[in-house]
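Here is how the chains run, residue by residue.
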Amino acid sequence: MDFQSCVKINREWDIVGARQIGREHAKKIGFGTVDQARIATAISELARNIYLYADTGKICFEIINEIDRKGLWILAVDNGPGIADISQVMEDGFSTSGGLGAGLPGVKRLMDQFDIISETGKGTEIRTVKWVRK
Amino acid sequence: MAKILHVSDKHVTIYIKIRGKMQHGGKRMDKHLNSIVINNSDTIVKDWLVEVSKNRHNDYTSAISEDLFESTNREFVNVIFSSLEKQGITSELDDFSEKLINLGWPLSYLTDGLQAFRRVTINFILSQSEKVDSDHLSKVLDMVDNWVDPIINQLVNEYSGSWEHIVSLQRVALQELSAPLIPVMENITIMPLIGTIDTERAKLIMENLLEGVIKHNADVVLIDITGVPVVDTMVAHHIIQAAEAVRLIGSTCILVGIRPEIAQTIVNLGIDLGKFPTKSSLRKGFQAALEMTNRKIVHEKGSDEGIESLLDSLNGE
Amino acid sequence: MRIPILKLHNYLLISIQTDLDDKTAIQFQEDLLSKIHKSGATGVVIDLTSVDIIDSFIAKVLGDVVTMSDLMGAKVVLTGIQPAVAMTLIDLGIHLKDVQTALDLEQGLIKLRQELEE
Ligand SMILES: Nc1ncnc2c1ncn2[C@@H]1O[C@H](COP(=O)(O)OP(=O)(O)OP(=O)(O)O)[C@@H](O)[C@H]1O
Ligand SMILES: [Mg+2]
């Protein structure tokens, strides 16, 4: 799938850039302020994980326009070390970096759909969608 | 829809079988049959009135007064006849169905009435016929169907249209009702929760709650769950989350209206309400809220009015 | 970028006006602790009214700063957390359980005074 826009995550400041762009998309699609904050926060988590654990990667956005619903699709891709045990990182409080370990399980709760594909040594891809509430 | 209505009708069962052959001539009305019906409308109407009154005793219309029932029946049958005379859907039919919708008469009054009409008319025409062969029978059935079916369709459409309209109105009303916030006093706000709470509604409630706390500058919010029928782990979870979010924005929640059975479920389910203050009644919660905002109820001689009566009206006891 | 820290009697007042990035947050943590050390302040109000996003990292920095300040003898109150931010924090599973909150800066100061007088 061709994504409308991608933001490269190379430096720490890119985390802020990514979430600002994500918020703009969310606003444009018609998300309320609370969902805008949820989306921006989810992007922040995903971008920071890329920066912390994979060094570089990208966050891409795609607006979904279906007949009966609209949404924002967010993709986080990196070629970092990958995640060996996905169920472990999805547990609240699990962190290898002394963080709160709230990031990934939090993103899952903040968004409506959430998928991780990861291969050790190859990288990680996280796809997540938020639907506009009717 | 139409099929279900036909099931119990013997004549129509025949009709369904032979319909395949009949379709080409379907739309035309037989002039001769038409005039039999119109010329004998008095008899048909009389038979029909007997039919519909039979159903009256143990159904939805039994609560309606005799006079109204009769006049409505008359109007109904007039509408049916005028649509036969004018050969189509009339504005009388629209007006009539609109009136019944507004009065809240059930659709089944109209459909039952029309089915009765179908039976009565068919019986009448057949009783007038010299010979009843299958050709004649199908002609009669076809004519009556062509007459009655459009009316039924029209009525069903009108009714379902109005239902959809009502449902959409109710959805909006429900959303507004969903989580009203009542600023009872400076810095004290009450949110009564009524009805079942699902995840969607919980989100809405939380949003309203937090926006309301900011808007009313509330130091204390009372969440009243008296009107929530079932508090399971999911509902409790949502309520706790709302209370925590309220704490984050700098206010305090008191959960009130904990009925005995709710206290039991909460403990049996092992739900930890943590450090959120809870009270059994809105009244007690309100008193606690007053204390938290450094106020208390002062009894003045000769004035039982004021806060006391306010509290009573809050409790509705 | 540095976040300004104001001193008012025994209290330190901070109003965060920018979208907090990680470096600024860490810098703020350091600045605040050294200011508490230098001034001997007993109370701190951090106003977050203009902050429209707090992710798990910033939440950790804030939570840590509260605990650290407490260790240094200064009580911290966070004020003005926006509803949308509060709901996001709840979704993240972050409850900032040991942190005091108030609706706005003024209320925060009142709360501090009450606590410190007790
Ligand atoms: N893109 C990634 N590549 C490799 N490992 C990852 C990636 N994202 C997350 N992880 C691993 O998953 C763990 C959990 O991530 P999560 O975001 O839930 O918590 P955290 O980053 O450790 O802390 P927090 O996000 O609360 O600050 C991380 O500690 C890290 O080991
Ligand atoms: Mg993380």
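Because the structure is a prediction, the values reported are computed rather than measured. (Residues numbered from 1 in each chain as written. Chains lettered and ligands numbered in written order. Predicted model: local features only at pLDDT ≥ 70, side-chain atom pairs only at ≥ 80, totals over all residues. Heavy atoms only, no water.)

**With respect to the site of ligand 1**
Okay, step 1: Near ligand 1 you find 20 residues, and of these Tyr53(A), Ser95(A), Thr96(A), Ala102(A) and Leu104(A) are the closest.
Okay, step 2: Within the contact set of ligand 1, an oxygen atom lies 2.9 Å away from a backbone nitrogen or oxygen of Gly101(A).
Okay, step 3: A distance of 3.1 Å separates an oxygen atom of ligand 1 from a polar side-chain atom of Ser56(C).
Okay, step 4: Notes on ligand 1: free accessible area 600 Å², of which the protein chains cover 94%.
Okay, step 5: Of all the elements in the fold, those that place two or more residues in the shell around ligand 1 are helix H2 (33–54) and helix H4 (103–110) of chain A.
Okay, step 6: Residue composition of the shell around ligand 1, by class: eight nonpolar, 10 polar and two charged. (Near = heavy atom within 4 Å. Polar contact = N/O pair within 3.5 Å; in protein donor to acceptor, adjacent residues only side chain to side chain. Areas by Shrake-Rupley, 256 points an atom, 1.4 Å probe, with all protein chains shown as cover. Helix = DSSP H or I, 4+ residues; strand = E, 2+ residues; numbered from the N terminus. Nonpolar A, V, L, I, M, F, W, Y, C, P; charged D, E, K, R; others polar.)

**Describing the interface of chain A and chain C**
Okay, step 1: In this complex, chain A contributes 26 residues to the contact, which on the side of chain C involves 20 residues.
Okay, step 2: When chain A packs against chain C, close to 1,900 Å² is buried across both sides, 54% of that on carbon and sulfur atoms.
Okay, step 3: Interface area lost by chain A to chain C is led by Glu12(A), Arg48(A) and Leu100(A), which between them contribute 27%.
Okay, step 4: Summed over the shared surface of chain A and chain C, the number is 13 residue pairs in polar contact (both at pLDDT 80 or more).
Okay, step 5: Of all elements in the fold, only helix H1 (13–29), H2 and H4 of chain A reach the threshold of two or more residues within the side of chain A that touches chain C.
Okay, step 6: The element contributing the most residues to the side of chain A that touches chain C is H2(A), with nine residues.
Okay, step 7: When its residues are assigned to classes, the side of chain A that touches chain C shows 10 nonpolar, eight polar and eight charged. (Contact = heavy atoms within 4.5 Å. Buried area = accessible area lost by both parts, 1.4 Å probe.)

**A look at the packing of H4(A) against helix H3 (residues 83–92) of chain C**
What describes two packed helices is the angle between their axes and the distance between those same axes.
Okay, step 1: Remark: H4(A) packs on H3(C), axes separated minimally by 7 Å, with the N-to-C direction vectors making an angle of 120 degrees. When the axis of H4(A) is compared with that of H3(C), the two are oblique. In this structure, H4(A) uses Gly106(A), Val107(A), Arg109(A) and Leu110(A) to contact H3(C), whose residues at the interface are Thr88(C), Asp91(C) and Leu92(C).
Okay, step 2: A per-class count over the contact of H4(A) with H3(C) returns three nonpolar, two polar and two charged. (Axes fitted to C-alpha atoms, helices over the stretch in contact; angles between N-to-C directions. Parallel < 35°, antiparallel > 145°, perpendicular 65-115°, else oblique.)

**What to know about the nonpolar core**
Okay, step 1: Counting residues in hydrophobic clusters, the biggest one holds 104 residues, and the most contacted among them are Ile59(A), Ile225(B), Ile14(C), Leu32(C) and Ile46(C).
Okay, step 2: Considering every element that reaches this core, the biggest residue donor is helix H10 (residues 233–248) of chain B, with nine residues.
Okay, step 3: When residues no more than four places from it in sequence are discounted, the contact partners of Ile46(C) are Ile14(C), Ile16(C), Phe28(C), Leu32(C), Val65(C), Val76(C), Val77(C), Leu78(C) and Thr79(C).
Okay, step 4: Counting 43 residues, the second-largest nonpolar core is a separate cluster that includes Val52(B), Phe69(B), Met143(B) and Val148(B). (Core = buried A, V, L, I, M, F, W, Y, C linked by side-chain atoms within 4.5 Å. Buried < 20%, exposed > 50% of the residue type's maximum accessible area, 1.4 Å probe, protein only.)

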